[in-house]
Amino acid sequence: MGHMDSLSGISVFVQVADTRSFLEAGRLLGISSSAVGKSVARLEQRLGVRLFHRNTRSIALTAEGGLFLARCRRILNEVDAAEAELLGASDAPRGRLRVSMPQLPSLMMPVLDGFMQSYPDIELDIDMSDRMVDIVEEGFDAVIRTGMQHDSRLVAKRLGTCPQLLVAAKDYLERHGEPETPRDLTRHACLRHKFNVTGKLELWPLRRNDEEEEFAIPETMIVSTVDAIAYAAIEGRGIAFLPNFLVRDALRRGQLRIVLADYVNQQVTFRIMWPASRYAAPKLRALIDYVTEHLDIEG
């Protein structure tokens, strides 16, 4: 049995599953109900399982039929997508994009918002988390990450680099004094970021003298998203280690000040990565180009 035959068998099966009627499925497909019955019977024979329970009044999916239905829908979606891509290569990009990105709504949302305005026919399915997803296995079209993923199946494009800074609110520093050396941090409220996935605290990369004894940085507040830490820092709750894009407005307004600048030197680089095989899809190209142009990391 050829591939095209099995494809038509699959679309007949999905139609019957949706309408629960050979007659109605036949009407929608433009074939007789007996042709529908034969098609389903051939499919069942080839698979060696019953897809439907039938009696005189009703049709119901079997457990195997239900499993097969989910997969068949995916297959037909792929066929539709393939046709749409050939027919509409010149049209506006459309379809659904599944994207994973860091939990940084204040950085990501303005870009996603602008993208949705520019490409109303593209639907977005966004996973905001810091876990390392398997892009290919989990079916993502693209991921935005800090740090490299060494995977030969992926292509990466640099989006920008920004410094990370120790900051505190002006009024916090007026109340508690300014730390002069890293060791002074032991007497301060410190707002710490915990990575959700590993449960580890983000280290503060402070330069120390070799002869200096180890000291622990306080854990006044531990939060698993940096947006929340930026909020607490601006409110004057303590000292925080944050990427510049989260605090640059507050720094400009004078709400926050940089502390211990001479002891910290660390950059964070953002990249967008995607499966090499998918770049041809207009919807993905649109996303990559838009994010590259509008993600405001360095500004």
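Residues numbered from 1 in each chain as written. Predicted model: local features only at pLDDT ≥ 70, side-chain atom pairs only at ≥ 80, totals over all residues. Heavy atoms only, no water.

Student: Would you take a moment to explain the overall build of the protein chain for this structure?
Tutor: Within the protein chain, the regular secondary structure consists of nine helices and 11 strands. Relative to the compact-globule value of 19 Å for 299 residues, the protein chain shows a C-alpha radius of gyration of 28 Å, a clear excess of over 25%. Seen along its three principal axes, the alpha-carbon backbone of the protein chain occupies a region of about 85 × 40 × 35 Å. Each of the 299 residues in the protein chain was classed as buried or not, and the buried ones make up 42%. Only carbon and sulfur atoms are counted for the fraction: they give 50% of the accessible area of the protein chain, which is about 16600 Å². (Helix = DSSP H or I, 4+ residues; strand = E, 2+ residues; numbered from the N terminus. Rg over C-alpha atoms; globule rule 2.2 N^0.38 Å. Buried < 20%, exposed > 50% of the residue type's maximum accessible area, 1.4 Å probe, protein only. Areas by Shrake-Rupley, 256 points an atom, 1.4 Å probe, with all protein chains shown as cover.)

Student: Whenever I open this one, the nonpolar core confuses me. Can you help?
Tutor: Grouped burial of nonpolar side chains is what soluble globular proteins tend to show. Leu166, Trp204, Leu242 and Phe270 are the most contacted members of the largest nonpolar core, which has 61 residues in total. The dominant element in this core, judged by the number of residues it contributes, is strand S6 (residues 154–169), at seven residues. Formed by 18 residues, the second largest nonpolar core is a distinct cluster that contains Val12, Val14, Val36 and Leu76. (Core = buried A, V, L, I, M, F, W, Y, C linked by side-chain atoms within 4.5 Å.)

Student: Looking at this model, I keep getting lost on the pairing of strand S4 (residues 122–128). Mind explaining?
Tutor: For a regular strand, side chains alternate in direction, first toward one face of the sheet and then toward the other. With seven bridges connecting them, strand S3 (residues 95–101) and S4 associate as parallel partners. The residue bridging Ser100 from the neighbouring strand is Asp127, located in S4. (Pairing = 2+ DSSP bridges.)

Student: Could you clarify how one ought to interpret the packing of aromatic side chains in this entry?
Tutor: Geometrically, a pair of aromatic rings is defined through the distance of the ring centres and the angle of the planes. Throughout the structure, instances matching the rule amount to five aromatic pairs. Ring centres of Phe115 and Tyr290 lie 5.7 Å apart, and the angle between their planes is 65 degrees; on these two criteria the pair is classed as edge-to-face. Here the residue Phe115 occupies a position in helix H5 (residues 105–118), and Tyr290 occupies one in helix H9 (residues 282–294), the gap between them amounting to 175 residues. We note that Phe115, like Tyr290, is buried. Here the aromatic cluster, defined as three or more aromatic residues joined through ring pairs, consists of Phe13, Phe52 and Phe68. (Phe/Tyr/Trp six-rings, centres within 6.5 Å; stacked < 30°, edge-to-face > 60°.)

Student: Which parts of the structure should I look at to understand unusual backbone geometry?
Tutor: Glycine aside, residues mostly have negative phi angles, and peptide bonds mostly take the trans form. Residue Arg20 is not a glycine yet carries a positive backbone phi of 55 degrees. You can see Arg20 is positioned in the loop between helix H1 (3–19) and helix H2 (22–29). Judged by its relative accessible area of 41%, Arg20 falls in the partly exposed class. Here the phi dihedral of Leu260 falls at roughly 50 degrees; this positive angle occurs in a residue that is not glycine. Residue placement: Leu260 occurs in the loop between strand S10 (256–258) and strand S11 (266–275).

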